[in-house]
Amino acid sequence: ISGQLESSRIILLLVSPDFIASDYCYDLEMERALQKHEVGSAVVIPIILRPVNLQGARIGDLQSLPTDRKPVMKWRSRDEAWTNIAVGIRNAALRISGVER
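Residues numbered from 1 in each chain as written. Predicted model: local features only at pLDDT ≥ 70, side-chain atom pairs only at ≥ 80, totals over all residues. Heavy atoms only, no water.

Enquirer: Before we move on, can you summarise the pairing of strand S1 (residues 10-15) with the specific residues and values?
Expert: Residues Ile11, Leu13 and Val15 of S1 are buried on one face, while the alternating residues Ile10, Leu12 and Leu14, pointing to the opposite face, are not. As paired elements, S1 and strand S2 (residues 43-48) share 6 bridges and run parallel to each other. The residue bridging Leu14 from the neighbouring strand is Ile47, located in S2. (Buried < 20%, exposed > 50% of the residue type's maximum accessible area, 1.4 Å probe, protein only. Helix = DSSP H or I, 4+ residues; strand = E, 2+ residues; numbered from the N terminus. Pairing = 2+ DSSP bridges.)

Spelled out as structure tokens, the structure:
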């Protein structure tokens, strides 16, 4: 995981209460991802899977997916949620590569 994290230009954080509670995920992996985000060597995109309180969290100010931070499990159609996420990731990839959408 560490090697992949270091070489990634887009880093997806799969956010759930378990993610927030995990010392390894939250304190180590997320912190390294945010360091890369802050220096511009990667874009971090939190993907909200289940309801979670992000107030005061370091990722609370990042642009999250799906739209409006509605957790995937709360969408009437999970297919629509995942499509929304895929489009958001694609748009981020296009921005990074300098291609207009």
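Enquirer: For the nonpolar core, give the residues involved together with the corresponding values.
Expert: Side chains of a nonpolar character, in soluble globular proteins, are inclined to be buried together. Formed by 16 residues in total, the largest nonpolar core has its most connected members in Ile11, Leu13, Val15, Met30, Val44 and Ile59. Among the elements of the structure, S1, helix H3 (23-39) and S2 are those that each provide at least two residues to this core. Of the residues forming this core, the biggest block, 4 residues, is contributed by H3. When sequence neighbours within four positions are dropped, the list of residues in contact with Val44 reads Ile11, Leu13, Ala33, Leu34, His37 and Leu62. (Core = buried A, V, L, I, M, F, W, Y, C linked by side-chain atoms within 4.5 Å. Contact = heavy atoms within 4.5 Å.)

Enquirer: Summarise the environment of His37; cite the residues concerned and give the values.
Expert: Inspection of the secondary structure assignment puts His37 in helix H3. Using a relative accessible area of 27% as the deciding quantity, one classes His37 as partly exposed. A C-alpha to C-alpha distance of 10.0 Å links His37 and Leu62, two positions 25 residues apart in sequence.

Enquirer: Could you give me a rundown of the packing of aromatic side chains, with the residues and numbers involved?
Expert: Following the criterion strictly, the structure yields 1 aromatic pair and no others. Residues Phe19 and Tyr26 carry aromatic rings whose centres are separated by 6.3 Å and whose planes lie at 80 degrees to one another, so their mutual orientation is edge-to-face. The ring of Trp75 carries Lys70 above its face, with NZ or CZ at 5.5 Å from the centroid. (Phe/Tyr/Trp six-rings, centres within 6.5 Å; stacked < 30°, edge-to-face > 60°. Lys NZ or Arg CZ within 6 Å of the ring centre and 35° of its normal.)

Enquirer: Lay out the pattern of salt bridges with the relevant residues and their values.
Expert: Any two side chains of opposite charge can pair if their charged atoms end up close together. This model, assessed by the stated rule, comprises 4 salt bridges. The residue Glu6 makes a salt bridge to Arg32 at a minimum N-O spacing of 2.7 Å. Of this pair, Glu6 sits in helix H1 (residues 2-7) while Arg32 sits in helix H3, placing them 26 residues apart in sequence. Using a relative accessible area of 40% as the deciding quantity, one classes Glu6 as partly exposed. Among the ionic pairs, Arg58 bridges to Glu38, the shortest N-O distance being 2.5 Å. Here Arg58 is found in the loop between S2 and helix H4 (78-97), whereas its partner Glu38 is found in helix H3, with 20 residues between them in sequence. (Salt bridge = Lys/Arg side-chain N within 4 Å of Asp/Glu carboxyl O.)

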